[in-house]
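# Residue-level structure breakdown
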Amino acid sequence: MTDVAPRTRSETSALTALALAELGGAVGGIGNIHRAVSDRIFAGVRRGIGDSATPVQLAHDGISGAIYALVAGSAKATGAAAGHLLDLGYEERVRPSESPRGTALLGILQGLRGDALEVERSPLATPMSIRVNGRPIAPTATDLSDAYPHASGTIVVFLHGLCETERAWRLGGRPTYGERLAHDLGVTPVEIRFNTGRHISANGETLSQLLAALIATWPVEVERLALVGHSMGGLVARSACHRADAAGEYWVRRVHQIVCLGSPHYGAPLERIVHYAGAALNLLPESRPIGRLLRRRSAGIRDLRGGSLVDEDWHDRDPEALFTAACREVPLLDGVMHCFVSAGIVASERNPLGAMLGDGLVLVPSASGRSGSRRIGFRDEDGAHLPSANHFTLLNHDAVYGYLREWLSGPTILRK
């Protein structure tokens with residue numbers, strides 16, 4: 001209990017410092033846009049009246065530059081000072097990473113800048129962990145026994161999507177899929193929180209290590225393991241299983257089902273649009289600050305361009321390259337039931353608008369693993385489509401729960 005207050009203050013101070021630092025950066029970006037626009041205006045004036053406009057431009061640039069620098073510098077300095085003061089004397093009973101609102105904010109921050117936060121060793125880059133009521137649970141025999149007093153031999157692991165946390169499964173304040181499955185099938189749900197700004201393959205490696213520890217120290221013998229992932233979570237599950245299978249890890253032999261809810265197996269169009277928009281906006285000085293802002297997006301977001309699952313998709317490659325190499329095709333695991341649920345904003349799958357919009361973030365071919373001539377290998381009977389629904393509807397919907405209960409109640413098949 002002695003480490004609660006210091007860690008609480010560290011998270012709070014880091015949030016304060018980050019907010020004001022980002023404000024300072026935003027002011028600096030506005031100043032750069034102002035300067036680029038004024039340079040173009042003064043260039044036009046100079047063509048009309050000659051060099052007599054130069055003194056005016058120099059005065060304008062000096063005054064405006066000093067003001068923007070002062071405001072930006074003050075915001076950053078205030079953030080650093082406020083964070084230091086909070087570390088010295090501010091305490092809270094609940095850490096931001098364990099409160100509902102703080103968790104939601106941290107999930108968004110990690111999704112957008114989680115890789116940078118990790119490099120900076122920020123307390124806001126919380127490591128992957130099992131969570132119960134927002135609290136991290138160490139994968140030790142004692143902690144798991146205390147957290148899961150009624151542990152069963154069937155574990156269903158839930159993995160959230162980009163900019164989300166495990167609380168996303170509580171959409172609408174309704175019981176989660178895990179809670180309903182525990183009541184109906186007697187399984188034990190385990191919710192994982194992870195930094196979605198990291199590379200998907202990096203999270204896959206960490207998940208593999210965490211599940212190995214979980215299986216080894218679970219209160220009872222694990223007979224069956226299922227992984228359910230929403231959006232990016234489905235890709236992280238596939239990445240972890242692929243890595244563990246290649247390494248001959250024991251835990252992956254207990255995997256019976258992998259269920260992907262709206263996962264972009266072939267990438268998400270929004271990330272591709274942002275990628276090209278960032279390159280285009282970087283060409284002109286007036287729009288370059290906006291282009292740089294778009295280019296600050298996290299490694300996790302960039303991986304969604306093509307649905308990257310392995311290190312080789314990004315290692316030693318230029319993330320800003322306009323045309324990137326195709327992601328490696330990662331096959332489904334033999335002997336494992338792979339299921340998917342796609343969604344569509346429009347009611348009819350034949351509607352051309354539905355093909356363009358998908359669920360708002362992921363297109364149906366990408367979510368079903370069937371894009372043109374490419375096929376991941378999902379069987380028709382192991383997939384479902386939810387019409388008149390968006391990407392986030394998949395987090396908590398009666399029809400989706402019905403599919404989950406049907407798929408997870410099948411006979412146990414252990415991989416050798």
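## Focus: the overall build of the protein
- Across its full length, the protein holds 13 helices and 10 strands.
- Counting only residues that meet the buried cut, the protein has 47% of its 416 residues in that class.
- Of the contacts formed within the protein by residues at least 6 apart in sequence, a portion of 79% connects residues at least 24 apart.
- Element-wise, carbon and sulfur atoms account for 60% of the exposed surface of the protein, whose accessible area totals about 19800 Å².

## Regarding the pairing of strand E4 (residues 188-193)
- Burial runs high along E4: 5 of the 6 residues are buried.
- Across 3 bridges, strand E1 (residues 129-132) lies against E4 in antiparallel orientation. Bridge pairing in E4 places Ile130 opposite Ile192.
- Across 5 bridges, strand E3 (residues 154-159) lies against E4 in parallel orientation. For Leu159, the partnering residue across the bridge sits in E4 and is Ile192.
- With helix H5 (residues 177-185) bridging E3 and its parallel neighbour E4, the resulting β-α-β unit is right-handed.

## Observations regarding the pattern of salt bridges
- In this structure the tally under the stated criterion is 15 salt bridges.
- The salt bridge partner of Asp380 is Arg370, with a shortest N-O separation of 2.8 Å. Taken as a pair, Asp380 in the loop between strand E9 (374-375) and strand E10 (383-386) and Arg370 in strand E8 (residues 370-371) lie far apart in primary sequence, 10 residues in all.
- In this structure Arg370 comes out as partly exposed when scored by relative accessible area, which is 26%.
- One salt bridge connects Asp382 with Arg379, and the closest N-O pair in it is separated by 2.7 Å.
- Under the relative-accessibility criterion, Arg379 is labelled partly exposed at 45%.
- Overlapping salt bridges bring together Arg174, Arg180 and Asp398 as one network.

## Points about the side chain of Asp382
- As for its placement among the helices and strands, Asp382 is situated in the loop between E9 and E10.
- Look at Asp382 and you get buried, because its relative accessible area is 4%.
- One polar contact links Asp382 to Arg379, side chain to side chain, over a distance of 2.7 Å.
- Once residues within four sequence positions are removed from consideration, Asp382 is found in contact with Met337, His338, Cys339, Phe340 and Trp407.

## Details of the sheet that holds strand E7 (residues 337-343)
- Ordered in space as E2-E1-E4-E3-E5-E6-E7-E10, the 8 strands form an open sheet in which the pairing is mixed. Both edges of this open sheet fall to strand E2 (135-137) and E10, since each of them pairs with a single strand only. The sheet shows a mean angle of 30° between the axes of neighbouring strands, taken without regard to direction.
- Judged from the 3 bridges that link them, E1 and E2 form a sheet pairing that is antiparallel. Bridged to Ile130 within E2 is Ile137.
- Together, E3, E4 and strand E6 (255-261) form the strand contacts of H5, whose direction differs from that of E3 by roughly 165°.
- Contacts from helix H6 (residues 200-217) reach E1, E3, E4 and strand E5 (224-230) within the one sheet, and its direction differs from that of E3 by about 155°.

## Structural notes on the environment of Ala321
- Along the chain, the position of Ala321 falls in the loop between helix H10 (299-303) and E7.
- Separated by 42 residues in sequence, Ala321 and Ala279 have C-alpha atoms that sit 8.8 Å apart.

## A closer look at helix H3 (residues 100-119)
- The sharpest bend along H3 reaches about 90° and sits at Arg113.
- Within H3, the full set of buried residues consists of Gly102, Thr103, Leu106, Gly107, Gln110, Gly111, Gly114, Ala116 and Leu117.
- One or two steps after H3, the chain reaches Arg121, where phi turns positive at roughly 55°.

Parameters at a glance
Throughout, residues of each chain are indexed from 1 in the direction in which the sequence is written. Two thresholds apply to this predicted model, a pLDDT of at least 70 for residue-level local features and 80 or more for giving and counting side-chain atom pairs, whereas whole-chain, interface and lining totals are computed over all residues. Here the side-chain values reflect all heavy atoms present in the structure, with hydrogen atoms and water set aside. What counts as a helix is a DSSP run of H or I of at least four residues, what counts as a strand is a run of E of at least two, and both are numbered from the N terminus. Per-residue accessibility, obtained with a 1.4 Å probe over protein chains only, is compared with the maximum for each type, and a residue is labelled buried under 20%, exposed over 50%, and partly exposed between these values. By definition in these notes, contact holds between two residues if any of their heavy atoms fall within 4.5 Å. Per-residue and other accessible areas follow the Shrake-Rupley method at a 1.4 Å probe size, with only the shown protein chains counted as cover for residues. Strands qualify as paired when DSSP identifies two bridges or more between them. Crossovers are marked right-handed if the path from the first strand over the helix to the second runs clockwise, as seen with the strands pointing away from the viewer. Salt bridge, as used here: a side-chain nitrogen of Lys or Arg that lies within 4 Å of a carboxyl oxygen of Asp or Glu. Contacts described as polar in this section are N or O atom pairs within 3.5 Å, which, within protein, must combine one atom able to donate a hydrogen with one able to accept it, while residues neighboring in sequence count only if both atoms come from side chains. All axes here are fitted lines through C-alpha atoms, helices being fitted over the stretch that makes contact, and every angle between N-to-C directions spans 0 to 180 degrees. Here the bend at each residue means the angle between axes fitted to two seven-residue stretches, the one ending at that residue and the one beginning there.

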